[in-house]
Each structure stands twice: as structure tokens, then as C-alpha cells.
Amino acid sequence: MSKAAELAKIGEVLTNSQIGGRRNIAFNGAMQVAQRGTSSTGLGANGDAFLLDRFRVTAASTAGRYTMTQTADGPSGFANCLKIVCTTADTSIAAGENLVLVQGLEGQDLQQFKKGTSDAEKFTVSFYVKGHDAATYTFEMFDGDNTRQVSQTFSVTTDWTRVILTFPADTTGAFGDDNGASLYLQICLHAGSTFTSGTLNTSWASNTNANRYSSDQNSIFESTSATFFITGFQLEVGSQATPFEHRSFGEELTLCRRYFQELCDGVSSNILAAMSYYTSTVSYGYFKLSPEMRAAPTVAVADVSHFTIFSGANGRVTSNLAASGTYSTKSMRLQGTTAASTLGFSGFLQTNNADASIHLIAEL
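Keep in mind that this is a model prediction, so the values were computed, not measured.

Conventions used here
Residues numbered from 1 in each chain as written. Predicted model: local features only at pLDDT ≥ 70, side-chain atom pairs only at ≥ 80, totals over all residues. Heavy atoms only, no water. Helix = DSSP H or I, 4+ residues; strand = E, 2+ residues; numbered from the N terminus. Buried < 20%, exposed > 50% of the residue type's maximum accessible area, 1.4 Å probe, protein only. Lys, Arg positive; Asp, Glu negative; His and termini not counted. Charge placed at Lys NZ, Arg CZ, Asp CG, Glu CD. Phe/Tyr/Trp six-rings, centres within 6.5 Å; stacked < 30°, edge-to-face > 60°. Pairing = 2+ DSSP bridges. Axes fitted to C-alpha atoms, helices over the stretch in contact; angles between N-to-C directions. 1 Å grid on protein atoms, 1.4 Å probe; cavity = no way out; pocket = protein on both sides within 12 Å on 5 of 7 lines; lining within 4 Å. Points joined across faces, edges and corners; volume = space filled by probe spheres on them. Core = buried A, V, L, I, M, F, W, Y, C linked by side-chain atoms within 4.5 Å. Contact = heavy atoms within 4.5 Å.

1. Details of the overall build of the protein
Within the protein, the regular secondary structure consists of 3 helices and 21 strands. Once the C-alpha set of the protein is aligned to its principal axes, its extents read approximately 80 × 55 × 40 Å. When burial is assessed residue by residue, the protein has 49% of its 364 residues classed as buried. Placing the 24 positive and 31 negative side-chain charges of the protein at their respective mean positions leaves the two points 5 Å apart.

Structure below.
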């Protein structure tokens, strides 16, 4: 092999054939962005919990409880990490229980893996972890388009270590080229026999629940001293893990706002939108979504009494505040209901409480 060919091969290995391009396909891997807040307590039981952007923890039937925080305790080069702490143990694990840390990815962001073709590429995941003690957990890649999955175990110690896992290429089942959830990157922290009673699937195959997670793995709910820390989360094309790709906070925030936006910034007297009374009690205001969101968002208002519509010299606290009419990924309309004003009058929507909250949600 010529010297030029050798150098070209080295460059290909070091950059996974993406010279000058973005390497990390995952979002918020340095755990910088926390639009929802930096701490959430009393989590567990059933359902999803979000804290740091683009990561959710999904629970099924757990008696265990945990706290999730953004913590300034990362390894060298990382200011932040995601920390999960057990606050209520659950050592009697029912068959259907699980607790899984998840990041979902759109199919249109995954086409470079060439999944479902004869040219399919390998997947390499890397991240930094530590815990309260030596432990084993399971990392799963789940193809939501084709209901296929593959898993590997990894080890955690009391010191920060970098885990590197390479998963095989899959020539079966292409990812959809759209904004739907095609791939779920999942770390199982707790699971019952429904998910652990088979043989761990280390090659891509149609999903069988019993083969998803290792029967030898630990549980984050084994004791109230149990902890799990993670940062430096990265997904790359090919078989080589490269150094973590740090992105600016501003860039990462913009990427995350495609999936979630917080319209209020935690202060009172925050002006949000111009409003116009369509009737004596109902007014409308319009928002341009920046950036464009993944899908038309769901709107969640925490407490409608935390908002006031000012028109003329009068302020009227809202009795209802919700999305109205047809809206899209680019813009939306809010409808506010108050005590009587005057049809045709204009005003503005303002927070009257620092706990005021309007969330726009387009998560996978």
C-alpha cells in the first residue's frame, strides 16, 4: 500500500469517513441543556420523566423511586452529567417492571447507516459513566420502524470510565426517511423477568421481550445508596469511536428546541405575545416557532391563573389559556379567556407569577 493510501486509510478510520462533517448523531450528549429544570424528585411508578433535553426515563410498574438531576460532576472536559439516585429501593422485582433511560432519533437523521441495504454500516455508541459501586447494565438499540433490536452489557465502576460499544450492521429493515422515531438508544437500569428471561440478543433480530436485557444486570433500585452518572453520550457511523464531539451551548440548545420549547423564563411580568379580543372575553395571540419544531407541538400550561392579559389600563387574569385552531411546526395560536373586555381591543399576554409555565412539546 502506498504512503498516500495509508494516510487516507488512517484518516478514514479516525473520522469514520466523515472528514469535516458532524460525527455525533445524538443530542445534548454533554448534558448541557436543561430547559425543563435541573432537578426532579419522586420519580418512578409508571410513565415517562423528562429533565435534561432529549433524554427521558420511562418506568413500568416500579415500586422504586428516584431523583434525576443535572449535576456538575463530569469527567475531565465535561462540566455536567445526568445523575440518577435511588430514593426508594425495590428489591422484589415483578416480571413486567423496568426503568430505561432513552433517547429517540428521527429516521431522516439516520440515513447514513444505510440500514436495510447490503451496504449497511455498523453503529458505535460511547459514553462516560460511573456509579456507587461496580455494576452491570444493558444498552439496547431498538429499531422502531421494523421492531428489531440488539443489545450489549456494559460495566460501571465508582470512577468515570468511557464505555465504547459497537453494534453490527443490519441489512434488514430500512429506517424511514421522515420525522418519525426510527431508533431508540436505551440504557436499562432495572428490569423484571419479562425482559430478562431469554438469551440476550447481541445480533439484530425481530424483537422478543425476553431477549432484550441481561439476566445478570444490576438494578438502580437495589438500595438507596445506588447512583448512576452519565455524560459524553455519542452515536457514530462505523466501528471506530472518536473523541467526543463538543458543540457550543447555543448550537445544542437550538437542536433541542426542535423537540421542546419553554415560552416562559421563570420570572414574573414576562411579556409573551400581543393579544386581540375576538369577543368580549376571548382573545388570540400568535407565536412564530423558532426554530421550526419536529411536529405541531402539544401545548402544556401549568397554571392558567399565572397569566394576565392587559388591554387598555386593565389587567385580566386568564381563566383558560390553550392552543387554538390549526397550527403547525412553524407557528401557533394561543387562545386566552378572561373576564369581559371590549371586542376588538388589543393588549398583551404577561406572566404574573415566576412559576408560570408554557411548554411546547414535539418529543419522539
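2. Structural notes on the packing of aromatic side chains
Across all of its chains, the model carries 19 aromatic pairs by this definition. With 6.5 Å between their ring centres and 45° between their planes, Y66 and F221 make a pair best called tilted. With Y66 in strand 2 (residues 56-71) and F221 in the loop between strand 10 (205-206) and strand 11 (227-237), this residue pair connects regions lying 155 residues apart in the sequence. Residue F221 is classed as buried on the basis of its relative accessible area, which comes to 0%. Relative to F348, the ring of F310 lies with its centre 5.4 Å away and its plane at 20°, an arrangement referred to as stacked. Remark: F348 occurs in strand 20 (residues 346-351) and F310 occurs in strand 16 (residues 307-311); sequence separation between them is 38 residues. Residue classification places F348 among the partly exposed residues on the basis of a relative accessible area of 31%.

3. Focus: the pairing of strand 7 (residues 148-156)
It is a general feature of regular strands that their side chains alternate between the two faces of the sheet. The element strand 7 is largely enclosed, with a buried count of 7 among its 9 residues. Of the strand pairs in this sheet, strand 6 (residues 135-143) and strand 7 are connected by 9 bridges, and their pairing is antiparallel. Bridging across to strand 7, T136 finds its partner in S155. In textbook terms, the turn of a hairpin is the stretch between consecutive antiparallel strands, and for strand 6 and strand 7 this stretch comprises 4 residues, one of which, T147, has a positive phi near 50°. When strand 7 meets strand 10, the two strands line up antiparallel, connected through 2 bridges.

4. Looking at the sheet that holds strand 14 (residues 282-288)
Strand order in this open sheet of 7 strands is 17-16-20-13-14-19-18, and the pairing throughout is antiparallel. At either end of the open sheet lies a strand with only one pairing partner, and these are strand 17 (314-317) and strand 18 (320-323). Taking the axes of each pair of neighbouring strands and ignoring which way they run, one obtains an average angle of 30° across the sheet. In terms of strand pairing, strand 16 meets strand 17 through 4 bridges, oriented antiparallel. Counterpart to I309 in the pairing with strand 17 is R316.

5. Observations concerning empty space enclosed by the protein
In this approach a probe as big as a water molecule rolls over the atoms, and the regions it shows empty are the leftover space. Counted according to the given criterion, the structure contains 1 cavity of 30 Å³ or more. Its volume calculated, the largest cavity comes out at about 40 Å³. Lining the largest cavity we find F50, R54, F55, R56, V102, Q103, G104, E363 and L364. In terms of residue count, strand 4 (residues 98-106) provides more of the lining of the largest cavity than any other element does, 3 residues in total.

6. What to know about the nonpolar core
In terms of nonpolar packing, the biggest core is built from 51 residues, with F127, F139, F154, F228 and L235 touching the most fellow members. Setting aside chain neighbours within four positions, we find F127 in contact with F139, F154, T161, R162, V163, L165, I187, I230, T231, G232 and F233. Ranked by size, the runner-up nonpolar core spans 19 residues in total, among them C264, A273, I309 and L360.

7. Observations regarding the environment of I93
With respect to the element layout, I93 can be found in the loop between strand 3 (81-88) and strand 4. On the basis of relative accessibility, which here comes to 38%, the residue I93 falls in the partly exposed class. Taking C-alpha positions, I93 is 12 Å from S215, a pair spaced 122 residues apart along the chain.

8. Examining unusual backbone geometry
Between S290 and the following residue, P291, the backbone shows a cis peptide bond with an omega angle of 0°. Summarising the element assignment, P291 is placed in the loop between strand 14 and strand 15 (298-301). Of note in the backbone geometry, A45 takes a positive phi value of approximately 65° without being a glycine. You can see A45 is positioned in strand 1 (residues 39-50). Accessibility expressed as a relative area gives 25% for A45, which makes it partly exposed. Positioned with a positive phi, S61 is a non-glycine residue whose angle comes to about 60°. Mapping S61 onto the fold places it in strand 2.

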